[in-house]
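Structure at a glance
One-letter residues, chain by chain:
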Amino acid sequence: FCTRDTRIRCLKQQNLGLSAARNAGFRDARGIYIAYLDADDYVDADYYQNMVEYAKKHRTDFMMAGFVREFVHNDIKTHSSHVLFKEDILRSREQKQACCDRLFFYHAYIHVWNKLYRRDFLSDHEICFDEALRFGEDVPYNLQCRKYAPSIALIPLAGYHYVCHQGKRLTG
């Protein structure tokens, strides 16, 4: 893809783990927004466009969308489930805490791949992945975002497809 699209740059580094790879990608990023896409997942064609338009319209630094969890066994999709958030803009600490209670912590903060982050916001607050962590690295990252974001937008969109390979893991 790097040879076909100048917006895409390939980075090479020693395998230092997921957090180090994400941090390296962030340091090399040039766009206004940052999004993370796991290697075995995929997004709808207009997913990021919709996220960016919403972020610009509502002037938010940190937003999250729903997603589709697809279960795959032996390369065959067996079933899927949808997680869809009600549209909301969380501004106060109480609203952000209620989000944890309402959406369950798992859907709100355990993943980075259903989020959009403004790059300058992350830089200004020195938010990065903890490279010492091998599991659960998304949680402290998102909690830092929650702490510093003046607002968090929830968007009723489920264009991210989280592919769960039953019986397999890419990490660990």
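Data block above holds the structure.
Thresholds applied
- Residues numbered from 1 in each chain as written.
- Predicted model: local features only at pLDDT ≥ 70, side-chain atom pairs only at ≥ 80, totals over all residues.
- Heavy atoms only, no water.
- Helix = DSSP H or I, 4+ residues; strand = E, 2+ residues; numbered from the N terminus.
- Expected span 1.5 Å × (residues − 1).
- Buried < 20%, exposed > 50% of the residue type's maximum accessible area, 1.4 Å probe, protein only.
- Arc of directions from axis to C-beta.
- Pairing = 2+ DSSP bridges.
- Polar contact = N/O pair within 3.5 Å; in protein donor to acceptor, adjacent residues only side chain to side chain.
- Contact = heavy atoms within 4.5 Å.

Glancing now at helix α2 (residues 47-58). Between its first and last C-alpha, α2 extends 17 Å over 12 residues, near the 16 Å set by a 1.5 Å rise per residue. Every buried residue of α2 is accounted for by Tyr 47, Met 51, Tyr 54 and Ala 55. An end-on view of α2 places all buried positions within 100 degrees of arc, on one side of the element. Away from the buried face of α2 by more than 90 degrees, exposed residues Lys 56 and Lys 57 are located. Positive phi shows up at Arg 59, right after α2, with a value of about 50 degrees.

The phi angle of most residues is negative, glycine excepted, and most peptide bonds adopt the trans form. Although it is not a glycine, Arg 59 sits at a positive phi angle of roughly 50 degrees. Along the polypeptide, Arg 59 turns up in the loop between α2 and β3 (62-65). Positive phi, normally seen in glycine, also occurs at Asp 75, with a value near 65 degrees. Assignment of secondary structure puts Asp 75 in the loop between β4 (67-73) and β5 (76-83). Overall, Asp 75 belongs to the exposed group, its relative accessible area being 66%.

Moving on, we get to the pairing of β4. Within β4, six of the seven residues are buried, leaving the element largely enclosed by the surrounding structure. By the bridge criterion, seven bridges tie β4 to β5 in an arrangement that is antiparallel. Across the sheet, residue Glu 70 finds its bridge partner in β5, namely Ser 80. Counted along the chain from β4 to the antiparallel partner β5, the turn is two residues long, and its residue Asn 74 has a positive phi close to 55 degrees. Bridge analysis of β4 against strand β9 (residues 160-165) gives five bridges, and the strand direction is parallel. Bridge pairing links Phe 71 to Cys 164 in β9.

Mapped onto the secondary structure, Asn 23 falls in helix α1 (residues 18-28). Only 2.9 Å separates the side chain of Asn 23 from the backbone oxygen of Phe 129, close enough to count as a polar contact. Residues within four places of Asn 23 in sequence aside, it is in contact with Cys 128, Phe 129 and Glu 131.

The element β9 is extensively covered by neighbouring structure, given that five of its six residues are classed as buried. The pairing of strand β2 (residues 42-43) with β9 spans two bridges and is classified as antiparallel. Among the inter-strand pairings, Tyr 42 is bridged to a residue of β9, identified as His 161.

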